[in-house]
Number of protein chains: 2
Amino acid sequence: MGVSETVAKPLDRLAATLGDDMAAVNTLIRDRMASRHAPRIPEVTAHLVEAGGKRLRPLLTLAAARMLGYEGPYHVHLAATVEFIHTATLLHDDVVDESSQRRGRPTANLLWDNKSSVLVGDYLFSRSFQLMVETGNLRVLDILANASATISEGEVLQLTAAQDLATDEAIYLQVVRGKTAALFSAATEVGGVIAGAPEAQVKALYAYGDALGIAFQIVDDLLDYTGTAETIGKNVGDDFRERKLTLPVIKAVAKASAEERAFWVRTIEKGDQQDGDLAQAMAIMNRHAALEAARADALDWAAKARDALAPLPDNALRGMLSDLAGFVVARVA
Amino acid sequence: MGVSETVAKPLDRLAATLGDDMAAVNTLIRDRMASRHAPRIPEVTAHLVEAGGKRLRPLLTLAAARMLGYEGPYHVHLAATVEFIHTATLLHDDVVDESSQRRGRPTANLLWDNKSSVLVGDYLFSRSFQLMVETGNLRVLDILANASATISEGEVLQLTAAQDLATDEAIYLQVVRGKTAALFSAATEVGGVIAGAPEAQVKALYAYGDALGIAFQIVDDLLDYTGTAETIGKNVGDDFRERKLTLPVIKAVAKASAEERAFWVRTIEKGDQQDGDLAQAMAIMNRHAALEAARADALDWAAKARDALAPLPDNALRGMLSDLAGFVVARVA
C-alpha cells in the first residue's frame, strides 16, 4: 500500500518467536497460490509473496492469537488470508500506479501487464476468501468483509481526494485507515476473535492495529520529505511530484498565506511543477512547522497503540507488539 | 463476461413472477452500492447496475429459492451478491479489454479510467462479501468463495490460452466455466442451499446453472460469427479480430489441413490479419462443419440443463427455468 516496510528489530523478534507458525503460514501461502489450471498465477504471485516482504501483517495475526493462548490451527489460515489480501491490493495498486505514469510518474517496476495484475489480484482475493471460510468462524468473516470494504472505499476516496486542496485531516485519516490501518486492525482483531478472547481484549487488539497502521502511514508520508533515497527505497519528494496530499502538506495548506496557497494550487492541484518547487514546498512546510506537527501526530498514534495493549495479558508477545509501536516511529522520533 | 444478454421471453416471465423479490433486490443493490465516503463509487456503479441489464443471475437465485418454497429474507441478499460479483467482473473486464486496445481492438466504451474500474470493482466485490456474510450460512459462503476462485482462475487461464492454437475443447470448457458458468451455477446452487433443499436438489440446481452457463457462452461465441450487428450488439467477427480461440475455431483447428493451419497460425497466433481473412475463416469453419458442431454442442448443453431440473419440484418456476434453457439456444437452433 505504498508503505516501505523498514520496521526491523521488534519484527525480527516476533518472527523468531513465531517461527514455527510462520513456517506453516508460508507453506499454506505457497500451497494456495498454486493453480492447477493457470500457471501464470504462481509466476506472478511468487514474485510478490516470496520476495522480500517482512510479513508484518501475518505476524500481527499470529502474535495476537498466540498472546491469548490460542492452540488451534486457524490463526495460520487467518495470517495467510491477511497476507493474500495485502498482496492482492499491491497488485491492484500496480495498475493504479501504472496509470499515473501518464502523469509523469517515474517508471513503476512492473513485470506484468495490467491484465495479469488485475486478474491475479482477484484470484488472490478469492483465495483469501476461501481460506477464511475454512475457519468456519462467522465473526472473523464479518470483520474481514468489513475491512475489505473499508480498504477499497479508502482507495477510491484517495482517487477523488488526490490533488484536491479541500482534503483535510479528517479525509486524510479516512484514506489512511482504508489504505493501511484497516488491514492492520483486522489482522490483530481476528487473531483475538479466533482465540476466543473476551470482548475488551478483542477491542484492544483492534485499537492497537488501527493506531499502529495510522502511525505507520504517517511515518511513511513524513519520510517521503525527510528521509534519504537509501533509507526509504524510493526518491525523496515522490509524493510531492505525484501531487499527493499527505499529512505535512495538509497541515501547511491549512495555515497557508494567499501566496502560499497559490503555490499549492499550482503545484498540487494543477500539477504545474518547476525546478526548485520541492525545496519551496519544504520551506513552506517548515515555516508552519508542518513536518514537526505531523511527526507529533505519528508519535501520538504510536503511544495510542502502546496504550491500547493494556487490557491484554502481560507476556513476551505483548511486549514485542509494544516495542513494535515504538519502532515504527523511531525513524522519525 | 462478454456475454450479450438477449435472453428474452422466459426471463420476462421470471421477472414478472418474482417482481416483488426483484424489487427488494434492486433496493438492496442501490443501498449497498452507495458510499458515504466516496461518491465516485455510486457514479461508476449506477451506470452498470442501473442501466439495462436483464438481471439474469439474480433471477436464477430467486427462482431457485422460491421454487423450493423458501420464505426467509436471504435469497434477496444472495441475489444482490451474485449481481455485485457479476458487475465487479464486468468492471475488471473493462480494464483487461482496454489493454487489448493496444493490439488493435476497436475502442471500448469506457466512461472511467482504469483506476476507477479496478478499485470500484474491488469495492463491489467486498460489498458482495459483506452481503453473503449477513446470511450467516457457511455453506453458501463456501460455494461463493469457490465460485470466485473459479471465475478469476478462468480469467487468468483465458489470458494464457488466448492466441495459442494448442487450446483444445477441454481448456475452452474450463475457461467458459470460469468466465460464465461458475457464477450461473453458484447463483442457482445457493438458492437451493438457502432454502434448505435436500442434497439431490442442490446438486440438480448446480448442474442446471453449469449447463445453462456453458450453453449461453457457446451461443455467444457462435453469434459472433453467424449473427448480425443489430442482434448481437457488437460487430460480427470481433472474436476473430481479437484472436479469440472460441469453440468454432477450436473445432476447425482440430481438423485443419497444413495450409489451413498456417492460416490460423498467421491470423490467430501471430495476429497478422488482412482484408478477407474473416471470410476465409468462415469458409474454413464451414468446410469442417465447425459452426454446426458448436451449435450441436450448445443444444446438448441446453438439453442437459433442462434434464438437470428433473429432481426439482414440478411447478411454474421450474417450467420457466426449463423454458429459459430452450430460449438461450433458440437464437442458434
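Our structure's up above, just so we're on the same page.
Residues numbered from 1 in each chain as written. Chains lettered and ligands numbered in written order. Predicted model: local features only at pLDDT ≥ 70, side-chain atom pairs only at ≥ 80, totals over all residues. Heavy atoms only, no water.

### Concerning the overall build of chain A
Turning to step 1, where the next piece is worked out: Broken down by element type, chain A carries 16 helices and 0 strands.
Turning to step 2, where the next piece is worked out: Every one of the 333 residues in chain A was classed for burial, and the buried ones make up 57%.
Turning to step 3, where the next piece is worked out: Summarising the internal contacts of chain A: among those between residues at least 6 apart in sequence, 77% fall at separations of at least 24.
Turning to step 4, where the next piece is worked out: By element, 51% of the accessible surface of chain A is carried by carbon and sulfur atoms, the whole surface being about 12300 Å². (Helix = DSSP H or I, 4+ residues; strand = E, 2+ residues; numbered from the N terminus. Buried < 20%, exposed > 50% of the residue type's maximum accessible area, 1.4 Å probe, protein only. Contact = heavy atoms within 4.5 Å. Areas by Shrake-Rupley, 256 points an atom, 1.4 Å probe, with all protein chains shown as cover.)

### Looking at the packing of aromatic side chains
Residues and elements named next belong to chain A.
Turning to step 1, where the next piece is worked out: Counted according to the given criterion, the structure contains 8 aromatic pairs over all chains.
Turning to step 2, where the next piece is worked out: Ring geometry for F184 and F216: centres 5.2 Å apart, planes at 50 degrees, overall tilted. With F184 in helix α8 (residues 169-194) and F216 in helix α9 (residues 199-226), the pair connects residues that are 32 residues apart, well separated along the chain. The residues F184 and F216 share a single accessibility class, namely buried.
Turning to step 3, where the next piece is worked out: Connected via pairs of aromatic rings, a cluster forms that spans F240, F263 and W264.
Turning to step 4, where the next piece is worked out: Residue placement shows K304 over the ring face of W301; its charged tip is 3.8 Å from the ring centre. (Phe/Tyr/Trp six-rings, centres within 6.5 Å; stacked < 30°, edge-to-face > 60°. Lys NZ or Arg CZ within 6 Å of the ring centre and 35° of its normal.)

### Overview of the interface of chain A and chain B
Turning to step 1, where the next piece is worked out: Across the contact, 45 residues belong to chain A and 45 residues belong to chain B.
Turning to step 2, where the next piece is worked out: When chain A packs against chain B, close to 4100 Å² is buried across both sides, 72% of that on carbon and sulfur atoms.
Turning to step 3, where the next piece is worked out: In terms of surface lost to chain B, no three residues of chain A exceed K115(A), L119(A) and F129(A), which account for 17% of the buried area on that side.
Turning to step 4, where the next piece is worked out: When grouped by side-chain class, the residues that make up the side of chain A that touches chain B number 20 nonpolar, 15 polar and 10 charged. (Buried area = accessible area lost by both parts, 1.4 Å probe. Nonpolar A, V, L, I, M, F, W, Y, C, P; charged D, E, K, R; others polar.)

### Structural notes on empty space enclosed by the protein
Turning to step 1, where the next piece is worked out: Inspection of every chain in the model, using the stated rule, returns 3 cavities of 30 Å³ or more.
Turning to step 2, where the next piece is worked out: Taken as a whole, the largest cavity holds about 370 Å³ of empty space.
Turning to step 3, where the next piece is worked out: Along its surface, the largest cavity is lined by 28 residues, and H92(A), D122(A), F125(A), D122(B) and F125(B) are the ones closest to its centre.
Turning to step 4, where the next piece is worked out: Counting only elements with at least two residues in the lining of the largest cavity, the list comes to α5 (74-100), α6 (114-134) and α7 (138-161) of chain A together with α5 (74-100), α6 (114-134) and α7 (138-161) of chain B.
Turning to step 5, where the next piece is worked out: Considered class by class, the residues forming the lining of the largest cavity number 10 nonpolar, 12 polar and 6 charged. (1 Å grid on protein atoms, 1.4 Å probe; cavity = no way out; pocket = protein on both sides within 12 Å on 5 of 7 lines; lining within 4 Å. Points joined across faces, edges and corners; volume = space filled by probe spheres on them.)

### Examining the relation of the copies chain A and chain B
Turning to step 1, where the next piece is worked out: Rotating chain A by 180 degrees and translating it 0.0 Å along the rotation axis places it on chain B, where the RMSD comes to 0.0 Å. Within this description, the copies of the chain are treated as partners about a two-fold rotation axis.
Turning to step 2, where the next piece is worked out: Take the interface residues of chain A: 100% of them recur as interface residues in chain B, which is what a same-surface contact looks like. (Least-squares fit on C-alpha atoms with pLDDT ≥ 70 in both.)

### As for the environment of L309(A)
All names here are of chain A.
Turning to step 1, where the next piece is worked out: Secondary-structure assignment places L309 in the loop between α15 (290-308) and α16 (316-330).
Turning to step 2, where the next piece is worked out: On the basis of relative accessibility, which here comes to 1%, the residue L309 falls in the buried class.
Turning to step 3, where the next piece is worked out: Note: C-alpha distance between L309 and L205 (104 residues apart in sequence) is 7.0 Å.
Turning to step 4, where the next piece is worked out: Residue contacts for L309: discarding those within four places in its chain leaves Y208, R318, L321 and S322.

### Focus on α6(B)
Residue and element names in this part refer to chain B.
Turning to step 1, where the next piece is worked out: Taking 1.5 Å of rise per residue, 21 residues should cover 30 Å, and α6 covers 30 Å from first to last C-alpha, within 8% of that figure.
Turning to step 2, where the next piece is worked out: With 20 of its 21 residues buried, α6 lies for the most part within the structure.
Turning to step 3, where the next piece is worked out: Of the residues flanking the end of α6, it is G136, one or two places downstream, whose phi is positive at about 65 degrees. (Expected span 1.5 Å × (residues − 1).)

### Details of the packing of α8(A) against α9(A)
Residue and element names in this part refer to chain A.
Turning to step 1, where the next piece is worked out: Across the interface, α8 lies against α9 with an axial gap of 7 Å and an inter-helix angle of 145 degrees. In terms of crossing hand, the pair formed by α8 and α9 is right-handed.
Turning to step 2, where the next piece is worked out: Looking at the contact of α8 with α9, its residues break down into 14 nonpolar, 7 polar and 5 charged. (Axes fitted to C-alpha atoms, helices over the stretch in contact; angles between N-to-C directions. Left-handed = near helix turned anticlockwise from the far one by under 90°.)

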